[in-house]
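Okay, here's what each chain looks like letter by letter:
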Protein chains: 2
Amino acid sequence: MDTNDQGSSAAAPRPTVQDVARALGVSTATVSRALSGSPNVSTATREKVMRGAAQLGYQPNVLARALRQERSSLVGLVVPDVRSDFFAAASSVLQRALEEHGFRLILGITGDDPDADRDYLVTLLQHRAEGIVHVPCTDEGAAPLLGGVPTPPPVVEFLRQSRSNVADTVVSNEREGARQLAEHLIAFGHRRLAVLAGPDRFSTTRDRVGGFVDGADAHGLEVEVRYGLYDHDWTHRETLTLMAGDAETRPTALFAAGNRLVSGALQALSELGLRVPADVSLVGADDPDWFRGCTPSVTTFAAPLEQMGLVAAQTLLGRMRPKGRQPRVGPIHALLGGQLIVRGSSGPPAAGA
Amino acid sequence: MDTNDQGSSAAAPRPTVQDVARALGVSTATVSRALSGSPNVSTATREKVMRGAAQLGYQPNVLARALRQERSSLVGLVVPDVRSDFFAAASSVLQRALEEHGFRLILGITGDDPDADRDYLVTLLQHRAEGIVHVPCTDEGAAPLLGGVPTPPPVVEFLRQSRSNVADTVVSNEREGARQLAEHLIAFGHRRLAVLAGPDRFSTTRDRVGGFVDGADAHGLEVEVRYGLYDHDWTHRETLTLMAGDAETRPTALFAAGNRLVSGALQALSELGLRVPADVSLVGADDPDWFRGCTPSVTTFAAPLEQMGLVAAQTLLGRMRPKGRQPRVGPIHALLGGQLIVRGSSGPPAAGA
DNA sequence: ACGGTCAATGTAATCGTTATCATAGCCCGA
DNA sequence: TCGGGCTATGATAACGATTACATTGACCGT
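Residues numbered from 1 in each chain as written. Chains lettered and ligands numbered in written order. Predicted model: local features only at pLDDT ≥ 70, side-chain atom pairs only at ≥ 80, totals over all residues. Heavy atoms only, no water.

Undergrad: So what's going on with the overall build of chain A? Residues and values would help.
TA: From N to C terminus, chain A includes 13 helices and 12 strands. Over its C-alpha trace chain A gives a radius of gyration of 26 Å, far above what one expects of a compact globule, namely 20 Å for 353 residues. Dimensions of chain A along its principal axes, counting C-alpha atoms only, are 90 × 55 × 35 Å. Here chain A holds 353 residues, and 56% of them are scored as buried. Accessible area for chain A stands at about 14700 Å²; split by element, carbon and sulfur atoms hold 49% of it. Looking at chain A, you have 35 positive and 39 negative side-chain charges, and the mean spots of the two groups are 11 Å apart. (Helix = DSSP H or I, 4+ residues; strand = E, 2+ residues; numbered from the N terminus. Rg over C-alpha atoms; globule rule 2.2 N^0.38 Å. Buried < 20%, exposed > 50% of the residue type's maximum accessible area, 1.4 Å probe, protein only. Areas by Shrake-Rupley, 256 points an atom, 1.4 Å probe, with all protein chains shown as cover. Lys, Arg positive; Asp, Glu negative; His and termini not counted. Charge placed at Lys NZ, Arg CZ, Asp CG, Glu CD.)

Undergrad: Hey, could you go over the domain arrangement of chain A for me, with residue numbers and the actual values?
TA: Domain annotation of chain A identifies domain 1 (8–20 + 29–60), domain 2 (72–166 + 305–335) and domain 3 (174–303). For domain 1 of chain A and domain 3 of chain A, the distance between their C-alpha centres works out to 60 Å. (Domains from an automatic or database assignment.)

Undergrad: Just give me the short version of the protein's contact with DNA strand D, but keep the residues and values in it.
TA: Around DNA strand D, a shell composed of 26 residues is seen, among which Thr 30 and Thr 45 of chain A together with Val 17, Ser 32 and Arg 68 of chain B lie nearest. Backbone atoms, meaning sugar plus phosphate, form 67% of the atoms of DNA strand D positioned within 4 Å of the protein. One of the backbone N or O atoms of Val 17 of chain B is found 2.4 Å from a phosphate oxygen in DNA strand D. A distance of 3.4 Å is found between a base nitrogen of DNA strand D and a backbone nitrogen or oxygen belonging to Ala 64 of chain B. (Near = heavy atom within 4 Å. Polar contact = N/O pair within 3.5 Å; in protein donor to acceptor, adjacent residues only side chain to side chain.)

Undergrad: Hey, could you go over the relation of the copies chain A and chain B for me, with residue numbers and the actual values?
TA: Superposing chain A onto chain B requires a rotation of 180 degrees together with a translation of 0.0 Å along the rotation axis, leaving an RMSD of 0.1 Å. Taken together, these values place the two copies in the relation of a two-fold axis. Relative to the rotation axis, the closest C-alpha in chain A is found at Ile 106 of chain A, a distance of 2.4 Å. (Least-squares fit on C-alpha atoms with pLDDT ≥ 70 in both.)

Undergrad: Describe the environment of Ile 186 of chain A, listing the residues and the values that go with them.
TA: Tracing the backbone shows Ile 186 of chain A in helix H8 (residues 174–188). Those residues in contact with Ile 186 of chain A that sit more than four places away from it in its chain are Arg 191, Leu 193, Gly 215, Ala 216, His 219 and Leu 221 of chain A. (Contact = heavy atoms within 4.5 Å.)

Undergrad: Outline empty space enclosed by the protein, supporting the account with residue identities and numerical values.
TA: Under the defined criterion, the tally for this structure stands at five cavities of 30 Å³ or more. Around the largest cavity, the lining residues are Val 62, Leu 63, Ala 66, Ser 72, Leu 74 and His 127 of chain A together with Val 62, Leu 63, Ala 66, Ser 72, Leu 74 and His 127 of chain B. Contributing elements (two or more residues each) for the lining of the largest cavity: helix H4 (62–69) of chain A together with helix H4 (62–69) of chain B. In this structure, the second largest cavity encloses a volume near 40 Å³. For the second largest cavity, the full set of lining residues is Leu 159, Arg 160, Gln 161, Val 171, Ser 172, Glu 174, Ser 203, Thr 204 and Asp 207 of chain A. (1 Å grid on protein atoms, 1.4 Å probe; cavity = no way out; pocket = protein on both sides within 12 Å on 5 of 7 lines; lining within 4 Å. Points joined across faces, edges and corners; volume = space filled by probe spheres on them.)

Undergrad: An account of the packing of aromatic side chains is requested, with residue identities and associated values reported.
TA: Under the definition given, this model contains nine aromatic pairs over all chains. Each residue in the set Trp 290 and Phe 291 of chain A together with Trp 290 and Phe 291 of chain B is aromatic and connected to the rest through ring pairs, giving one cluster. The side chain of Arg 104 of chain A reaches across the aromatic face of Tyr 120 of chain B, ending 5.4 Å from its centre. Here the guanidinium or amino end of Arg 160 of chain A rests over the ring plane of Phe 202 of chain A, the centre of that ring lying 3.6 Å away. (Phe/Tyr/Trp six-rings, centres within 6.5 Å; stacked < 30°, edge-to-face > 60°. Lys NZ or Arg CZ within 6 Å of the ring centre and 35° of its normal.)

Undergrad: Which residues make up the interface of chain A and chain B, and what are the values?
TA: Accessible area lost upon the coming together of the parts serves often as the stated size of an interface. Residue-level contacts link 73 residues of chain A with 73 residues of chain B. Carbon and sulfur atoms make up 54% of the area that chain A and chain B hide from each other, which totals about 7000 Å². Applying the counting criterion to the chain A and chain B interface returns six salt bridges. A salt bridge links Asp 289 of chain B to Arg 260 of chain A, with the shortest nitrogen-to-oxygen separation between them at 3.9 Å. For the pair chain A and chain B, the interface holds 24 residue pairs in polar contact (both at pLDDT 80 or more). For the side of chain A that touches chain B, the class distribution of residues is 36 nonpolar, 23 polar and 14 charged. Strand direction decides the pairing type here: strand S2 (residues 104–109) of chain A and strand S2 (residues 104–109) of chain B, joined by three bridges, are antiparallel. From the neighbouring strand, Leu 107 of chain A faces S2 of chain B, where its bridge partner is Leu 105 of chain B. (Buried area = accessible area lost by both parts, 1.4 Å probe. Salt bridge = Lys/Arg side-chain N within 4 Å of Asp/Glu carboxyl O. Nonpolar A, V, L, I, M, F, W, Y, C, P; charged D, E, K, R; others polar. Pairing = 2+ DSSP bridges.)

Undergrad: I'd like to hear about the pattern of salt bridges, residue by residue, with values.
TA: As enumerated under the stated definition, the model contains 42 salt bridges over all chains in all. Salt-bridge contacts for Glu 176 of chain A lead to Arg 179 of chain A; the nearest nitrogen and oxygen are separated by 3.1 Å. Taken together, the residues Glu 176 of chain A and Arg 179 of chain A, both in helix H8 and three residues apart, mark about one turn of the helix. A salt bridge links Glu 306 of chain B to Arg 96 of chain B; the shortest N-O distance between them is 3.9 Å. Here Glu 306 of chain B is found in helix H13 (residues 305–320), whereas its partner Arg 96 of chain B is found in helix H5 (residues 85–100), with 210 residues between them in sequence. Among the residues examined, Arg 96 of chain B registers a relative accessible area of 46% and is labelled partly exposed.

Undergrad: Before we move on, could you go through the environment of Asn 165 of chain A and cite the residues and values that matter?
TA: All names here are of chain A. With respect to the helices and strands, the residue Asn 165 is situated in the loop between strand S4 (155–158) and strand S5 (168–172). For Asn 165 and Ile 332, which are 167 residues apart along the polypeptide, the C-alpha to C-alpha distance reads 9.8 Å. Not counting residues up to four positions away in its chain, the partners in contact with Asn 165 are Pro 331 and His 333. A distance of 2.8 Å separates the side chain of Asn 165 from the side chain of His 333, its partner in a polar contact.

Undergrad: Go over the protein's contact with DNA strand C with me, naming the residues and quoting the values.
TA: In the vicinity of DNA strand C, 27 residues are found, and the nearest of them are Val 17, Ser 32 and Arg 68 of chain A together with Thr 30 and Thr 45 of chain B. Each atom of DNA strand C within 4 Å of the protein was assigned to sugar, phosphate or base; sugar and phosphate come to 65%. Tyr 58 of chain A is positioned such that a nitrogen or oxygen atom in its side chain is 2.7 Å from a phosphate oxygen of DNA strand C. The backbone of Asn 61 of chain A places a nitrogen or oxygen atom 3.1 Å from a phosphate oxygen of DNA strand C. Split by residue class, the surface near DNA strand C holds nine nonpolar, 12 polar and six charged.

Undergrad: Which residues make up the environment of Ala 29 of chain B, and what are the values?
TA: Mapped onto the elements of the fold, Ala 29 of chain B is located in helix H2 (residues 28–35). In this structure the C-alpha to C-alpha distance between Ala 29 of chain B and Gln 18 of chain B, which are 11 residues apart in sequence, comes to 9.4 Å.

Undergrad: Could you give an account of the sheet that holds strand S1 (residues 74–79) of chain B, naming the residues involved and the relevant values?
TA: An order of S11(A)-S5(A)-S4(A)-S3(A)-S1(A)-S2(A)-S2(B)-S1(B)-S3(B)-S4(B)-S5(B)-S11(B) is seen for the 12 strands of this open sheet, with the pairing classed as mixed. Two strands lie at the open edges of the sheet, namely strand S11 (333–336) of chain A together with strand S11 (333–336) of chain B, each paired on one side alone. Strand-to-strand twist in this sheet, taken as the mean axis angle between neighbours without regard to direction, amounts to 20 degrees. Here strand S3 (residues 131–134) of chain A runs beside S4 of chain A; their pairing, made up of three bridges, is parallel. (Axes fitted to C-alpha atoms, helices over the stretch in contact; angles between N-to-C directions.)

Right, here's the structure in full:
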């Protein structure tokens, strides 16, 4: 059973349609037709071909097929990071949805580096990807690159949006969510609010911060905002300094605007001996499973990631293989609402504070 | 600036080498040579071609290139789930390492469904992937499928290993890690131990459970083992029933053998009003950031995921494009050691228990 | 001045598939 | 019986790149 050994002595080439055709005494056209389920093949021939192909271990070369048909069946997915639940969950849904329609996913991870982002988009063009799901990490998005190319593939901006208003976008209403979180905290009586946020070049960051500030503003409150990285360790350090002041002046409520930030903040608060929510309330964004497992569990605003993945897939599919002559339609912007989930990490401020 | 609009009126085809050649009055061979950096092109010509190509927005069709050169530059990555840190972190490293060598990643997500797994491997064969990184979800792995195909691509089994001893494997020593966790708990004085584990068809599960049981066995202790799913909700429910007994008989220490399981267990313990580690100690596996943020932070055994990704990439690269005539070498099995990380969730059992 | 080397380019075959067109049989109605 | 419309099949030209081979000058030493 050591069939998977790496290379028999002569490195036999993979069989091709030619090989199958020759072995069965038919033409390559017949083989191709039989395997692709064309109606113009007799049942007898079809079965003969199927058997022959299986016997030789034939697997069609989809590169050749793609070349001939001018359709690669590839979709590019360009994300900053698969380690964050926010992207991972969404990618997962997208992958399923696209697979169902016969597309394969090429994965690019940019680490939010604009060069890597650009390189990856180029690669996708070269692979003749039929569509691209893009989580942009710059304000321009893919527009400048795709501008120079004839008939570029359709792009859906996902989770974040660039400022060039040319691509379809599928994003959640993070602004509204953050506003609700602010309202929620203020209703408890909090007055000194702070936000720990990622880099402000991402629309997600700007929306979360903006919404939270708006919510506070409506009640005449100021918010201390600290921009940084989407990173556990950064938030950990930043929270330590932010909460170092004495109980009368430091914030009584914290918004960690991303799931990676929540864990960093929690660690810092725990190290400072501050109890949540007795000493300080903490609210987050996104909703990974572990928000429920924490003690206390984390109040948060959750985007409908599953639904967003589906909508993105649908949007892209609509652009990729339009049936018939569809009217040309401008960029579609889907803004999906999320859900405020109140759990144990938010509560009234301490009496003395 | 609406360059990215979806299709100008005539759907201009993408330019090819032919177009570039014609536009410049040279042959396609010259264009190809110039762009691929062949030494046999005059500097003047090279620059002319570069400019012309850029001007037309030419992007080489890598499908055609792959067909001609018989090398796709694609590597398949087949994982059960990208939402788990365990896989996400490893995938991330792998992606970087392989990109550096000019390979692109095709991503398959199987959801631990053997059929999806098989389908995905077939797809990779059809794309002429030059190598496959496989997290198998069955004991056979990829062997039965690849057995029928001439010169199959090299496969590295990653994180889990199948029982067919034909592929290279890169796994962590989960067995030893689990043994250490058992020792750790027993040293505190725990006598009633339980394990919540994923499905036992995965080598990871078997190793973790096996190691833990071995560790207990060395001290003449029994372990209650519950197999289930790698899933927050399953663990949540299971922990509720497992810990329902009274304080004299229920386990005093719990091993949640996977990061998804830890969050489920924590939630259940919290709902039962059991304090960690005062009433019950909890130890986990893997080490996502949030293990540090939890209250208490989670004691765990962490595999060196970064390193494993690198080793897997190296192993695969060694098989894919061997320089010169390398001696044919049998399957390589890399077993990497991890680290016991003691944090706040483990401690001595309650005095009365 | 002549053959030879070498650099620069062109010509055309090739990779494996699909699709177009042509052809050969076959059935059926007029 | 003949021709029109099937159906099943074969021969072959694409798809867009790379590359082995052929060709053209230019240059150089004798």
